[in-house]
Amino acid sequence: MTAAVRSGQRSKLPMGYGRKKLTKEEGLKLYRQLLLARLCEEKIREEYFNDEMKTPVHLGIGGEAIAVGVCHCLAPGTRTFGTYRNHTLYLTKSGDVDGFFAELYGRATGPGKGKAGSMHLMNPQKGLVATSAVVATTVPLAVGDALAQSYLKTGAMSVAFFGDGAVEEGAFWESLNFACLKRLPVLFVCEDNDLAIHTARAQRRGFASLRNTVATYDCHAAEGDGASVTNVIRLTRQVMGRMAKDPKPGFIRLAYFRFLEHVGPREDFDAGYRPRPPEQLLRKMDPVVRFEKELVPLGLRERDLAPIRAELKALIDAGVAKAKAAPFPQAAELTTDVYV
Amino acid sequence: MPESAISMMRYRDALSLAVRREMERDPKVFVFGLDVPDHKKIFGSTKGLLEQFGGQRCFGTPLSEDAMTGVALGAALAGLRPVHVHIRVDFMLLAMNQIANMISNLAYMSAGSLKIPLVLRAVIGRGWGQSAQHSKSLHSIFAHIPGLKVVMPTSPQDAYSLTRAAIRDDNPVIILEHRWLYDIEGEVNEAKVVPLGEALVRRQGRDATVVATSWMNIEAMKAAEVLAKRGVELEVVDARSIAPLDENTILQSVEKTQRCLVADYDWTYCGFSAELSALIHQCCFGSLKLPVERLGFAPVPCPTTRPLENLFYPSAVSIIRSVERMLSLSETDLAGEQFYSYEQKFKGPF
């Protein structure tokens, strides 16, 4: 049994359940995680045009509060499953900036020795068990993980992160049905940016409300604004609290705005499928800007945050430099790891 | 029954015994799938498991192959050892996304840090009138994908030993079980280990090698028995493991006999027989007396009606006729011979 599973035994109730307000320390930790994801992706945007990072990148700018907020509520080591838009989840779960850039640069020092790339960043030891570039494929894996936690009586739960496009796949509903049937400890987190690549929800969906439709299954369902870290935490704790009292799966739909193109480092408001929102609205939908405002009542201001920004930038620059200096995998690596 | 016991049993009972022994040995092993716990128990191959281990370790599922395969993968990644059973291999096609995009890839993409101790058992082949959606083998398709192991046990002993080896392996293993083999009786030594990746010479012979898969071994043994009456000695090699493939055993046999017929239980085009043929030509080119011959399914969807179904499947007769052509022999008079059919299946002992 992995350490991650064992660690789940320690905490049967979600961390911080019942507490309303963030502490100053929590605020700083969350800001650091949020900003790390943002600055890493901003760095990718700068570096990508040098054409050394030869992996398609699905950037999550605008959606960082979801993984950061949800993971804050989870017991350490909770096993999570993600998508190809996984950078925030990877960085939040692992904190591994060097490995992150090494993998993006295809180096032997990456967590997948360069075999994985951006779309398959994983760190099973730290609780990001698997990510996938095929929509909805990791949703049943989280359910299977929850089945294992229940089977092994660890008391741990499992978390599936997926986009709103995933709910058009049969595997999502098959997974939800089975999880509800078996009352498994799994939390479904829908990262809803209203787009499946370039197609808006209105062109894809034959029902009105995802939350309400999911709620007809025997589970705890909620939804809300995913651009605010504090709101994500509030909703996650609420659902996890209900799961702890009445063991059934949980579901949260968290809405966010995808600032960039589906894949690649650019904005694409000129592509014609969606208008550029007014600046004021863009700022409102930006999780970093939002959280900086949410930190003010905790007594945290620019003078507290500026050093974090500087420290993270240095960390990221060092990570990129190390990645660029690292070796590519040897040719012999081609045929390793097909089987364990 | 102690582990060292040797007894006669049917293939179906060997399968359930193997799973039972692994479930007794390791509490992380569980078995599930559509129809697994019902009264028919997947043609008897999951018999007794629900009663002995309870509903948490032996359970049925909704009709959700894709998600259930993902659930099995998720459970395997969390350290359990799931055995997911499909009453027809054809239904695994609904799960190909998980099989070919996830299960086969995760060890590689995680640079070896993810282990997938997952077994997918599926019933293949022929009943009567099974038509085109309940009759495939698919081992060529599965074995084509790196990261999957694929075995096809023929005898009760292999059904027992390979199932145990598959459950203990830390990689995904697909076990394909021909439905007609379920009735075969044979000796099973509970202590006998058969590693994945080993072929078996089922009959020694000097004149030609027949490499066979699954039920075709039964047909090949029958063909060898018939041809032996006129002094033709076939060597029958059971490939047993499609991936990884035991190249040495097969190539050694062909080096000896210098003639080879691949009798596969699948379509020939882009199939396992084509792969074997390429391998043998490449490695035994100088020794071969003539090109490798291949037998497999007719290149059509499986027809329902018996006369056409009989033409669809290769058989002992088609093996005999192929070997006669390869050895420039006249056609053997088969009038007095009894061949296998649905009504008259080989039952062993094997």
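Because the structure is a prediction, the values reported are computed rather than measured.

A short note on the overall build of chain A
Next, step 1: Of the regular secondary structure elements, chain A holds 12 helices and eight strands.
Next, step 2: Taken against the 2.2 N^0.38 rule, which gives 20 Å for 340 residues, the C-alpha radius of gyration of chain A at 19 Å falls within 12% of a compact globule.
Next, step 3: Projected onto the principal axes, the alpha-carbon positions of chain A cover approximately 50 × 50 × 45 Å.
Next, step 4: When the 340 residues of chain A are sorted by exposure, 59% land in the buried category.
Next, step 5: Summing over all exposed atoms, chain A offers an accessible surface of approximately 13700 Å²; the carbon and sulfur share of this is 55%.
Next, step 6: Between the mean site of the 47 positive side-chain charges and the mean site of the 38 negative ones, chain A shows a separation of 7 Å.

Considerations on unusual backbone geometry
Next, step 1: Looking along the chain, the bond that leaves alanine 243 of chain B and enters proline 244 of chain B is cis, with omega of -5 degrees.
Next, step 2: Turning to its location among the elements, proline 244 of chain B is positioned in the loop between β12 (241-243) and α10 (247-257).
Next, step 3: Of note, the phi angle at lysine 113 of chain A is positive, near 50 degrees, even though the residue is not glycine.
Next, step 4: As for its placement among the helices and strands, lysine 113 of chain A is situated in the loop between α5 (97-104) and β2 (128-131).
Next, step 5: A positive phi angle is found at serine 131 of chain B, which is not glycine, with a value near 65 degrees.
Next, step 6: Counting through the fold element by element, serine 131 of chain B comes out in the loop between β5 (119-124) and α7 (139-144).

Things to note about helix α11 (residues 272-284) of chain B
Residue and element names in this part refer to chain B.
Next, step 1: With 13 residues, α11 should cover 18 Å at 1.5 Å per step; its first-to-last C-alpha distance of 18 Å lies within 8% of that length.
Next, step 2: All of the buried residues along α11 are Phe272, Ser273, Leu276, Ser277, Leu279, Ile280 and Cys284. When α11 is viewed along its axis, its buried side chains cluster within an angular range of 165 degrees and face the same direction. More than 90 degrees from the buried face of α11, the exposed residues found are Glu275 and Gln282.
Next, step 3: Close packing links the buried residues of α11 with α7, β10 (208-212), β12, α10, β13 (260-267) and β14 (293-297).

Remarks on the domain arrangement of chain B
Residues and elements named next belong to chain B.
Next, step 1: When cut into domains, chain B gives domain 1 (9-189) and domain 2 (200-331).
Next, step 2: Its C-alpha centre places domain 1 at a distance of 27 Å from the equivalent point of domain 2.
Next, step 3: Interface area for domain 1 against domain 2, summed over the two sides, is near 2200 Å², with a carbon-plus-sulfur share of 56%.
Next, step 4: Of all residues in domain 1, the largest losses of buried area upon contact with domain 2 belong to Arg126, Met152 and Thr154, amounting jointly to 25% of the total for that side.
Next, step 5: Across the contact surface, domain 1 and domain 2 share two salt bridges.

Overview of the interface of chain B and chain A
Often, the extent of an interface is quoted as the loss of accessible area upon association of its parts.
Next, step 1: Residue-level contacts link 42 residues of chain B with 45 residues of chain A.
Next, step 2: Where chain B abuts chain A, roughly 3400 Å² becomes buried across the two surfaces, and 69% of that area is made up of carbon and sulfur atoms.
Next, step 3: For the chain B face of the interface with chain A, the top three residues by lost area are Ala78, Tyr108 and Met109 of chain B, together amounting to 20%.
Next, step 4: One can count 10 residue pairs in polar contact (both at pLDDT 80 or more) joining chain B with chain A.
Next, step 5: For the side of chain B that touches chain A, the secondary structure elements donating two or more residues are β2 (29-32), α4 (65-77), α5 (96-103) and α6 (106-109) of chain B.

Re the nonpolar core
Next, step 1: In this structure, Phe162, Phe172 and Phe188 of chain A together with Leu106, Phe142 and Ile319 of chain B are the most contacted members of the largest nonpolar core, which totals 152 residues.
Next, step 2: Mapped onto the domain boundaries, this core takes at least three residues apiece from domain 1 (9-189) and domain 2 (200-331) of chain B.
Next, step 3: Setting aside its immediate chain neighbours within four residues, phenylalanine 172 of chain A contacts Val139, Phe162, Ala166, Val167, Phe188, Val214 and Phe251 of chain A.
Next, step 4: In terms of nonpolar packing, the next biggest core, distinct from the first, is built from 64 residues, Ile61, Ala67, Met243 and Ile316 of chain A among them.

Details of the sheet that holds strand β7 (residues 173-178) of chain B
All names here are of chain B.
Next, step 1: Taken in spatial order, the seven strands make up an open sheet running β3-β2-β4-β5-β7-β6-β12, and their pairing is mixed. In this open sheet, the two strands that pair with only one neighbour each are β3 (58-59) and β12.
Next, step 2: Direction of pairing for strand β4 (residues 81-86) relative to β5: parallel, over a ladder of four bridges. Across the sheet, the residue bridging to histidine 84 is leucine 120, located in β5.

Looking at the state of the cysteines
Residues and elements named next belong to chain A.
Next, step 1: Within this structure, the stated rule accounts for zero disulfides over all chains.
Next, step 2: Looking at cysteine 73, it has no disulfide partner, and the nearest cysteine sulfur is the one in cysteine 71, 9.0 Å off.
Next, step 3: With no disulfide of its own, cysteine 190 lies closest to cysteine 219 among cysteine sulfurs, the gap being 13 Å.
Next, step 4: Note on cysteine 190: relative accessible area 0%, which makes it buried.

A look at helix α1 (residues 11-25) of chain B
All names here are of chain B.
Next, step 1: When the terminal C-alpha atoms of α1 are compared, their 21 Å separation across 15 residues agrees well with the 21 Å that a helix rising 1.5 Å per residue should span.
Next, step 2: In terms of residue burial, α1 counts as a mostly covered element, since 11 of its 15 residues are buried.
Next, step 3: Burial in α1 covers these residues: Tyr11, Arg12, Ala14, Leu15, Ser16, Leu17, Ala18, Val19, Arg21, Glu22 and Met23.

Brief notes about the side chain of asparagine 123 of chain A
All names here are of chain A.
Next, step 1: Note that asparagine 123 resides in the loop between α5 and β2.
Next, step 2: Given the relative accessible area of 11%, asparagine 123 is considered buried.
Next, step 3: When sequence neighbours within four positions are dropped, the list of residues in contact with asparagine 123 reads Tyr90, Ser94 and Leu128.

Considerations on the sheet that holds β14 of chain B
Residue and element names in this part refer to chain B.
Next, step 1: Judged by pairing direction, the sheet is mixed, and its five strands sit side by side in the order β9-β11-β10-β13-β14 without closing on themselves. Edge positions in the sheet fall to β9 (200-203) and β14, since each of these pairs with one other strand and no more. Direction aside, the axes of adjacent strands within the sheet are offset by 25 degrees on average.
Next, step 2: Bridge analysis of β10 against strand β11 (residues 234-238) gives five bridges, and the strand direction is parallel.

Parameters at a glance
Counting starts from 1 at the beginning of each chain's written sequence and moves along it residue by residue. A letter from A marks each chain and a number from 1 marks each ligand, given out in the order of writing. Predicted model: local features are reported for residues with pLDDT of at least 70 only, side-chain atom pairs are reported and counted for 80 or more only, and whole-chain, interface and lining totals are derived from all residues. Values shown for side chains rest on all heavy atoms present in the structure; no hydrogens or waters enter the calculation. Strands here are runs of E lasting at least two residues and helices are runs of H or I lasting at least four, both read from the DSSP assignment and numbered beginning at the N terminus. Values of the radius of gyration come from C-alpha atoms, whereas the globule rule sets the reference at 2.2 Å times the count of residues to the power 0.38. Think of it in three bands: with a 1.4 Å probe and only protein chains considered, a residue is buried below 20% of the maximum accessible area for its type, exposed above 50%, and partly exposed in between. Where accessible areas are quoted, they stem from the Shrake-Rupley method and a 1.4 Å probe; at the residue level, only the protein chains shown are allowed to cover. A residue counts as positive if it is Lys or Arg and as negative if it is Asp or Glu; His and the chain ends are not included. Every charge is mapped to an atom, namely NZ of Lys, CZ of Arg, CG of Asp or CD of Glu. Take the residue count of a helix, subtract one, and multiply by 1.5 Å to get its expected span. The arc in question is the one traced by the directions running from the helix axis out to the C-beta atoms. Here, two residues are considered to be in contact whenever any of their heavy atoms come within 4.5 Å of each other. A domain assignment, automatic or from a database, supplies the domain bounds used here. Here's the idea: put two parts together, see how much 1.4 Å probe accessible area each one loses, and the total over both is what we call buried area. A side-chain nitrogen of Lys or Arg and a carboxyl oxygen of Asp or Glu constitute a salt bridge if their distance falls within 4 Å. Polar contacts here mean pairs of N or O atoms no more than 3.5 Å apart (in protein, one a potential hydrogen donor and the other a potential acceptor; neighbouring residues in sequence count only if both atoms are side-chain atoms). By nonpolar core is meant a set of buried Ala, Val, Leu, Ile, Met, Phe, Trp, Tyr and Cys residues that side-chain atoms within 4.5 Å join together. Note on pairing: DSSP must find at least two bridges between two strands before they are called paired. In this description, the term disulfide denotes a pair of cysteine sulfurs within 2.5 Å. Between N-to-C directions, angles span 0 to 180 degrees; the directions come from axes that are lines fitted to C-alpha atoms, helices contributing only their stretch in contact.

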